[in-house]
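One letter stands for each residue in the lines below.
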Amino acid sequence: MNLKDKVVYRKPVLEDAEEIVAFYNRVGGETTYLSFTEDEYPLDVEAQKANIISTEQQPNSVMLLAVADDQIIGIGTITSGNKIKARHCGELGIVVTENYQGQGIGSELIRQLLEWSKSNGVTTKVQLDTRTDNQMAVELYKKFGFQIEGELKNTTLIDGEYYHLYVMGLML
Ligand SMILES: CC(C)(COP(=O)(O)OP(=O)(O)OC[C@H]1O[C@@H](n2cnc3c(N)ncnc32)[C@H](O)[C@@H]1OP(=O)(O)O)[C@@H](O)C(=O)NCCC(=O)NCCS
């Protein structure tokens, strides 16, 4: 069976919390492009369970898992606040584990997250930030119509070297 046919995209249930935390802690060590490093994901399993419940209750936030052979291989999120003036803006986050990158999973996660955002009745803008040297991610976001809206200088520091972030946005 080819990969496309075996990947399932779905929202998490409480039983996924442990694997979600382990996944984020692991991929934090696979790439320097995420905002956290290995074992630095801020939620523990109980907090992740609470996050799954509260996300489900919010009309403008969602988590989407990409699952193959019963294992999480990618996660995409839209995170929004509930302040009246800002709740229309969703922050997109995405990661695909390294063995599965470059095979369309990130694209499918974004496609589904944008479809969901368009139909939730609240979100009208999706934004994100990404390191300016994360060429693959920048191209991926541009493919979906995101535009570079600004650049934050020296906001990431790794081994004494500073990196910049693009702020990218898409009006739905
Ligand atoms: C960025 C990431 C989410 C993309 O997911 P993915 O499943 O690997 O991406 P896809 O295979 O769906 O999409 C690849 C797209 O990236 C771009 N791309 C792929 N290879 C590229 C390359 N060598 N150079 C530039 N762009 C490239 C293209 O736009 C491509 O789309 P196309 O195949 O339709 O032309 C994933 O690689 C990842 O998790 N990276 C590490 C963490 C990370 O950087 N997260 C984003 C933080 S902002």
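Residues numbered from 1 in each chain as written. Predicted model: local features only at pLDDT ≥ 70, side-chain atom pairs only at ≥ 80, totals over all residues. Heavy atoms only, no water.

### Quick word on the site of the ligand
Stated formally: We call a residue near a given molecule or strand whenever any one of its heavy atoms falls within 4 Å of it. By the criterion applied in these results, polar contacts are pairs of N or O atoms within 3.5 Å in which, for protein atoms, one can donate a hydrogen and the other can accept it, and in which residues neighboring in sequence qualify only through two side-chain atoms. A run of H or I in DSSP becomes a helix once it reaches four residues, and a run of E becomes a strand once it reaches two; helices and strands are each numbered from the N terminus. Three classes are used, and their members are as follows: Ala, Val, Leu, Ile, Met, Phe, Trp, Tyr, Cys and Pro are nonpolar, Asp, Glu, Lys and Arg are charged, and the others, Gly among them, are polar.
Around the ligand, 20 residues are found, and the nearest of them are Val96, Gly102, Gly106, Ser107 and Lys143. A distance of 3.4 Å separates a nitrogen atom of the ligand from a polar atom in the side chain of Gln101. In this structure, Asn134 approaches the ligand through a side-chain N or O atom, which is 2.8 Å from an oxygen atom. Those elements that place two or more of their residues in the shell around the ligand are strand E4 (89–96), helix H4 (105–119), strand E5 (125–131) and helix H5 (135–143). A per-class count over the shell around the ligand returns eight nonpolar, nine polar and three charged.

### Considerations on the layout of surface pockets
Inclusion rule: Cavity means a closed set of points on a 1 Å grid over the protein atoms alone, one where a 1.4 Å probe fits but cannot get out, pocket means an open set with protein on both sides within 12 Å along at least 5 of 7 lines, and lining means a residue has an atom within 4 Å of a point. Grid points are joined across faces, edges and corners, and a volume is the space filled by probe spheres set on the points.
Within this model, the second largest pocket holds a volume of roughly 160 Å³. Residue lining of the second largest pocket: Glu19, Ala22, Phe23, Arg26, Glu30, Gln71, Ile72, Ile73, Thr97, Glu98, Asn99 and Tyr100, and that is the complete set. If you list the elements that add at least two residues to the lining of the second largest pocket, you get helix H2 (17–30) and strand E3 (71–79). For the lining of the second largest pocket, the element with the most residues is H2, which contributes five residues.

### Re the side chain of Lys125
This is how it is decided: Contact between two residues is taken to exist if any of their heavy atoms lie within 4.5 Å; hydrogens are not considered.
Checked against the element boundaries, Lys125 lands in strand E5. At 3.1 Å, the side chain of Lys125 forms a polar contact with the side chain of Glu149. The contacts of Lys125, once residues within four sequence positions are left out, are His88, Cys89, Gly90, Glu149, Gly169, Leu170, Met171 and Leu172.

These figures come from the coordinates and say nothing about function on their own.
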